[in-house]
Amino acid sequence: MKDNTWVKQIRFGNQLAFRQFYEAYASNAIRTASAITRNRELAKDAVQETFIRVFRQIDSYDTNLPFDPWFYRILTNECLRLMKKESSLVNISPSDLANNAALAEASFDHLADLYDVIQALDDGHRIPIILKYIKGFSEKEIADILGLNQNTVKSRLFKARKRLKVQLEPFKREANPGE
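Quick word on helix 3 (residues 40-57)
Given 3.6 residues to a turn, an α-helix orients residues that are three or four positions apart in the same direction. Counted at 1.5 Å a residue, the expected span for helix 3 with its 18 residues is 26 Å, and the 25 Å between its end C-alpha atoms agrees. Every buried residue of helix 3 is listed here: Leu42, Ala43, Ala46, Val47, Thr50, Phe51 and Val54. Structurally, helix 3 contributes buried residues whose contacts are with helix 2 (15-37) and helix 4 (67-85). For helix 3, the N-terminal capping position is held by Asn39, with its side-chain oxygen 3.0 Å away from the main-chain nitrogen of Glu41.

This is the structure in structure tokens:
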């Protein structure tokens, strides 16, 4: 079932359509929330709250716009809200995101090191990186999701990539000692 079909059915109170929507989106939402919050349990709470908000606010969704940025904006905002309430955050393990197809295609030998370096970034840089390279959103969509100017998103992505490159340099030298 397509996103707009789900939206129409959910608006009419179709619980089966909402269940199908949930089943289609839940696992990716949990992986994304885990990457944002660095805490699997907090991520589950954020996803649960996100689906509740989507159900309650479905009438505010503009069907002329893509659905995913709207959904992930709610998810990101919910993650950030819950993170503010939490005092101690636990890093996620690389296995939480290991099944992501976009990451599985990467030819990075030390995937666990990459996760650690990404997780070490501050929220302002880590979240755009996750939305861009794990979720595949464009800079414009990320700007919409985070409520930022598109140039701000581009700048944060540039700075995050630069920081990642610096942080990953020791791992590159370790993997290729002759270079």
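Overview of unusual backbone geometry
In the Ramachandran plot, Arg38 falls in the positive-phi region, its phi being about 65° despite a non-glycine side chain. Residue classification places Arg38 among the buried residues on the basis of a relative accessible area of 15%.

A closer look at the side chain of Arg126
One can find Arg126 in helix 7 (residues 123-134). A relative accessible area of 0% means that Arg126 is categorised as buried. In contact with Arg126, not counting residues within four places along its chain, are Ala35, Ile36, Thr37, Arg38, Met83, Ile118, Gln119 and Leu121.

Notes on the packing of helix 2 against helix 7
Think of two packed helices as two axes; the pair is described by the angle between the axes and how far apart they sit. With their axes 9 Å apart at the nearest point, helix 2 and helix 7 run at an angle of 160° to one another. The angle between helix 2 and helix 7 places the two elements in the roughly antiparallel class. The chirality of how helix 2 crosses helix 7 is right-handed. Contacts between helix 2 and helix 7 pair Thr32, Ala35, Ile36 and Thr37 from the former with Arg126, Ile127 and Ile130 from the latter. Among the residues making up the contact of helix 2 with helix 7, the classes are represented as 4 nonpolar, 2 polar and 1 charged.

Things to note about the packing of helix 2 against helix 3
Their axes nearest at 8 Å, the elements helix 2 and helix 3 cross at an angle of 140°. Comparing their axes, helix 3 and helix 2 come out oblique. For the element pair helix 2 and helix 3, the recorded crossing hand is right-handed. Packed against helix 2, whose contacting residues are Phe18, Phe21, Tyr22, Tyr25, Ala26, Ala29, Ile30, Ala33, Ser34 and Thr37, the element helix 3 presents Arg40, Leu42, Ala43, Val47, Phe51, Val54 and Phe55 at the interface. Grouping the constituent residues of the contact of helix 2 with helix 3 by class yields 14 nonpolar, 2 polar and 1 charged.

The rules behind these values
- Residues numbered from 1 in each chain as written.
- Predicted model: local features only at pLDDT ≥ 70, side-chain atom pairs only at ≥ 80, totals over all residues.
- Heavy atoms only, no water.
- Helix = DSSP H or I, 4+ residues; strand = E, 2+ residues; numbered from the N terminus.
- Expected span 1.5 Å × (residues − 1).
- Buried < 20%, exposed > 50% of the residue type's maximum accessible area, 1.4 Å probe, protein only.
- Contact = heavy atoms within 4.5 Å.
- Polar contact = N/O pair within 3.5 Å; in protein donor to acceptor, adjacent residues only side chain to side chain.
- Axes fitted to C-alpha atoms, helices over the stretch in contact; angles between N-to-C directions.
- Parallel < 35°, antiparallel > 145°, perpendicular 65-115°, else oblique.
- Left-handed = near helix turned anticlockwise from the far one by under 90°.
- Nonpolar A, V, L, I, M, F, W, Y, C, P; charged D, E, K, R; others polar.

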